[in-house]
Amino acid sequence: MAKDSSFDVVSQVDMQEMDNAVNQVKKEIDQRYDFRGSNASIELGEKEVKIAAEDEYKLGAILDMLRQKMAKRGIPLRCLVPGKIEPAAKGTVRQSLEIQQGISKENGKKIVAAIKASKLKVTAQIQDDQVRKRMTCRLLSNCLRPEISALICNSSTCAKHSSTVWKRVEQNDRTQRL
């Protein structure tokens, strides 16, 4: 009889890496020629990043720098949800970027529905901002992995983590067959 296994589908951002990326952008703003004498800034809050600049062009440049630093550090770019560009004091503009963590209730329900639609003997539960799946090892390799990975918070980290789990379980399944 196949052994039961379970794992969680989670989407989280490493906030230490995000802090490092924001600090690198701050240093680059201080060093770049096109930002000399400008009033551009970037700040990291608990669940958001605030960007302020003199005009929309510089705001976009700061956002591009942040995305480059995030990509180098392995932080998924889709975790940032940009807000509206708002006018600020003294003719400057600002933008708030929300850092999306966890799986929303709607996406959690979609994941559970996709698992149940596969008609396998699988139990899926939504627990806060993660989905817990319990199934047999043999059934795990047959599950709808691309469809489920696409639903997970639009985060490449989640899909990467999920594929690592799939590979490990598929290897265990192969060794059990031998």
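For the structure, check the block above.
Everything numeric in this text was worked out from a predicted model, so none of it was measured. By convention here, each chain's residues receive numbers from 1 onward along its written sequence. The predicted origin of the model limits local features to residues at a pLDDT of at least 70 and limits the giving and counting of side-chain atom pairs to 80 or more, whereas totals for whole chains, interfaces and linings rest on all residues. Only heavy atoms go into the side-chain values, all of them from the structure, while hydrogens and water stay out.

Quick notes on the nonpolar core
And then number 1: Nonpolar core, defined: a set of buried Ala, Val, Leu, Ile, Met, Phe, Trp, Tyr and Cys residues in which side-chain atoms within 4.5 Å join the residues together. Burial classification: accessible surface area is computed with a 1.4 Å probe over protein chains only, and a residue below 20% of its type maximum counts as buried, one above 50% as exposed, and the rest as partly exposed. The biggest cluster of nonpolar side chains holds 25 residues, and the ones touching the most others in it are Ile42, Ile62 and Leu66.
And then number 2: For this core, the elements supplying multiple residues, two or more each, are helix H1 (15–31), strand E3 (48–53), helix H2 (56–72) and strand E5 (93–99).
And then number 3: Per the convention used, a helix needs a DSSP run of H or I reaching at least four residues, while a strand needs a run of E reaching at least two, with both numbered from the N terminus. The element that contributes the greatest number of residues to this core is H2, accounting for seven residues.
And then number 4: Should any heavy atoms of two residues lie within 4.5 Å, those residues are considered in contact. If near-sequence neighbours (up to four positions away) are discounted, Ile62 is found in contact with Val25, Ile29, Phe35, Ala40, Ser41, Ile42, Ile51, Ala52 and Ala53.
And then number 5: Core analysis: the second largest hydrophobic core is formed by six residues, Ile103, Ile111, Val112 and Ala124 among them.

Details of the packing of H1 against H2
The relative placement of two packed helices comes down to the angle between their axes together with the axis-to-axis distance.
And then number 1: Fitted lines through C-alpha atoms serve as axes, helices being fitted only where they are in contact, and the angles separating the N-to-C directions of these axes extend from 0 to 180 degrees. The contact between H1 and H2 brings their axes to 9 Å, and the two run at 135°. It follows from the interaxial angle that H1 and H2 lie oblique. Where H1 crosses over H2, the two elements pack in a sense that is right-handed. Across from Met18, Ala21, Val22, Gln24, Val25, Glu28 and Ile29 in H1, the residues of H2 making contact are Ile62, Met65, Leu66, Lys69 and Met70.
And then number 2: Note on residue classes: Ala, Val, Leu, Ile, Met, Phe, Trp, Tyr, Cys and Pro are nonpolar, Asp, Glu, Lys and Arg are charged, and everything else, Gly too, is polar. Among the residues making up the contact of H1 with H2, the classes are represented as nine nonpolar, one polar and two charged. An angle below 35 degrees is treated as roughly parallel, one above 145 as roughly antiparallel, one from 65 to 115 as roughly perpendicular, and anything else as oblique. For any helix crossing, the convention is left-handed if the near helix is rotated counterclockwise from the far helix by under a right angle, and right-handed if that rotation is clockwise.

Some details on the environment of Ser96
And then number 1: On the secondary structure map, Ser96 appears in strand E5.
And then number 2: C-alpha separation for the pair Ser96 and Ile42, spaced 54 residues apart in sequence, amounts to 9.8 Å.
And then number 3: Not counting the four nearest positions on each side in its chain, Ser96 is found in contact with Glu48, Val49, Val81, Pro82 and Gly83.
And then number 4: In protein, a polar contact means a hydrogen-donor-capable atom and an acceptor-capable atom, both N or O and within 3.5 Å, with residues adjacent in sequence counting only if both atoms are side-chain atoms; elsewhere, any N or O pair within 3.5 Å suffices. A distance of 2.8 Å separates polar atoms of two side chains, one belonging to Ser96 and the other to Glu48.

Some words on the pattern of salt bridges
And then number 1: When a carboxyl oxygen of Asp or Glu lies within 4 Å of a side-chain nitrogen of Lys or Arg, that pair is called a salt bridge. Counted by the stated rule, this structure contains seven salt bridges.
And then number 2: Between Asp34 and Arg32 there is a salt bridge, with the nearest N and O atoms lying 2.8 Å from each other.
And then number 3: Taking relative accessible area as the criterion, Asp34 reaches 29% and is therefore assigned partly exposed.
And then number 4: The salt bridge involving Lys50 is made with Glu48; its shortest N-O contact spans 3.5 Å.
And then number 5: Within the structure, one salt-bridge network assembled from shared partners comprises Glu28, Arg32, Asp34 and Lys69.

Without other data, these values stay purely geometric and don't point to any function.
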